[in-house]
Amino acid sequence: MLTHILFAFVSIGFCCSNANDWIPIVVNTWAFTNATEEAWRTITMENGTALDGVERGCSKCEEQQCDGTVGWGGSPDESGETTLDAMIMDGETHDIGAVGDLRRIKNAISVARRVLENTEQTFLVGDQANQFAQSMGFREESLTSNRSRQIYHDWIQESCQPNYWRNVEPDPRSNCGPYRPIKRQAPNLYTPSMAESIHKNHDTIGMVVIDRDGRIAAGTSTNGLSHKIAGRVGDSPIPGSGAYVEKETGSAAATGDGDVMMRFLPAYQAIVNLRLGFNPWKAAKEAIGRIAAIYPKTQAAIIVVNKRGEFGAACHGFDKFPFSVMRSDFSEVTVLTTNCTKALN
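The sections below set out a description of the structure shown in this document. Just so it is clear, the structure is predicted and the values come from calculations on it, not from any experiment.

1. What to know about the pattern of salt bridges
For the structure on display, the rule yields 26 salt bridges. Of the charged contacts in the structure, one is a salt bridge between Glu38 and Arg56, with a shortest N-O distance of 2.8 Å. On the criterion of sequence distance, the pair formed by Glu38 in helix H1 (residues 33–44) and Arg56 in helix H2 (residues 50–64) is long-range, its members being 18 residues apart. A salt bridge links Arg104 to Asp127, with the shortest nitrogen-to-oxygen separation between them at 3.0 Å. Taken together, the positions of Arg104 in the loop between strand S4 (96–102) and helix H3 (108–118) and Asp127 in helix H4 (residues 126–135) put the pair 23 residues apart, joining distant regions of the chain. Among the residues examined, Arg104 registers a relative accessible area of 28% and is labelled partly exposed. Judged by its relative accessible area of 36%, Asp127 falls in the partly exposed class. Among the ionic contacts, a cluster of salt bridges with common partners joins Glu81, Asp101, Arg103, Arg104, Asp127 and Glu140.

2. A word on unusual backbone geometry
Glycine aside, a negative phi is what most residues show, and trans is what most peptide bonds show. In the segment running from Ile23 into Pro24, the intervening peptide bond is cis, with an omega of 5°. Mapped onto the elements, Pro24 comes out in the loop between strand S1 (7–10) and strand S2 (25–29). That bond from Gln161 to Pro162 is cis: its omega, 0°, falls within 30 degrees of zero. Its place among the elements puts Pro162 in the loop between helix H5 (146–157) and strand S6 (168–169). The residue His94 is not glycine, and still its phi comes out positive at about 65°. Considering the arrangement of structural elements, one finds His94 in the loop between strand S3 (84–90) and S4. We classify His94 as partly exposed; its relative accessible area is 35%.

3. Some words on helix H8 (residues 280–294)
Taking 1.5 Å of rise per residue, 15 residues should cover 21 Å, and H8 covers 22 Å from first to last C-alpha, within 8% of that figure. The N-cap residue of H8 is Asn279: its side-chain oxygen and the backbone nitrogen of Trp281 are 3.0 Å apart.

4. Some points on the environment of Thr334
In this structure, Thr334 sits in strand S15 (residues 334–339). Along the chain, Thr334 and Val27 lie 307 residues apart, while their C-alpha atoms are 9.6 Å from each other. Of note is the side chain of Thr334, whose polar atom sits 3.0 Å from the backbone oxygen of Glu332.

5. Some details on the packing of aromatic side chains
One pass over the structure, following the stated rule, counts 10 aromatic pairs. Ring geometry for Trp165 versus Tyr179: centroids 4.9 Å apart, planes at 45°, classification tilted. With Trp165 in the loop between H5 and S6 and Tyr179 in the loop between S6 and strand S7 (180–181), the pair connects residues that are 14 residues apart, well separated along the chain. Judged by centre distance (6.3 Å) and plane angle (65°), the rings of Trp281 and Phe323 are edge-to-face. One end of the pair, Trp281, is in helix H8; the other, Phe323, is in strand S14 (residues 320–327), and 42 residues separate them in sequence. Taken together, the aromatic side chains of Trp30, Trp281, Phe311, Phe318, Phe321, Phe323 and Phe330 make up a single cluster linked through ring pairs. Cation over ring: Lys106 sits above Trp72, and NZ or CZ is 3.9 Å from the ring centre. The ring of Phe278 has Lys282 sitting right over it, with the charged end atom 4.5 Å from the ring centre.

What counts as what
- Residues numbered from 1 in each chain as written.
- Predicted model: local features only at pLDDT ≥ 70, side-chain atom pairs only at ≥ 80, totals over all residues.
- Heavy atoms only, no water.
- Salt bridge = Lys/Arg side-chain N within 4 Å of Asp/Glu carboxyl O.
- Helix = DSSP H or I, 4+ residues; strand = E, 2+ residues; numbered from the N terminus.
- Buried < 20%, exposed > 50% of the residue type's maximum accessible area, 1.4 Å probe, protein only.
- Expected span 1.5 Å × (residues − 1).
- Polar contact = N/O pair within 3.5 Å; in protein donor to acceptor, adjacent residues only side chain to side chain.
- Phe/Tyr/Trp six-rings, centres within 6.5 Å; stacked < 30°, edge-to-face > 60°.
- Lys NZ or Arg CZ within 6 Å of the ring centre and 35° of its normal.

What is shown is where atoms sit, not what they do.
In structure tokens form, the structure reads like this:
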């Protein structure tokens, strides 16, 4: 095994500060080190491109069902089905391939790459994304596991709590659906939503890769939010929200409460911040701060890598945020952990 995990707590001071380039590099959200290792092996030992690294790294997480929140067999929606979201972006061309609400196909990040490379489209969803995947040679199979089946059963037994409905009857705080709308003034923008109060049921692998030639790519993969309303697509496959790349600047990838985060495009904002001259840590902190200022109870985190291979991260609402790094000056895959700003009660 290449990987030796080193946990470290980092602050804004942890970043290379000299003028040397620090590439190739792989950075991804969470302590998903097998994914980091797979991407690194692809771009160094197999001479793969940044896109290859992102696809292979995220695929490893899908295969291993990282944390139960990536890949098949986790996070059932409120109908009991597991669906997948993924995207991949090429910094050289700004081409993007994305899939949302992908059903009965396990290889979400690879299907997203087929969208990027074999179509002039950007984003395919639902059963039509499944049909596209089958036409590209992917095998249809169930994404349900014993674990996801049990999660769904337990949720039904708990009167479908938590869920993501509002302004409906019967009262979604104590009843399952079907629901019907009631006439009520919509909540104010600043009123915390149900989604903001539900933790530990969503993660995403977001990965940034810069290869030996300085080409940058980014990607995401997730099975989304547990008990989501059927058909929901989160922030992960949304360009500028789940991830974004600009070859002359850098890349970013985010994770957290997707229904809130997609309203702010944090990955794109982080790249704008890099363009303004911020270092990666400051760029990350400012992008997350925009979200926390309006939704102080939300959970949000981001990794940012500039074109030289300097990296940073920021988070809000978690206690700590771990992220995995492998870079040319590192001897092994390293898990770094940064402190988060606190969510208000």
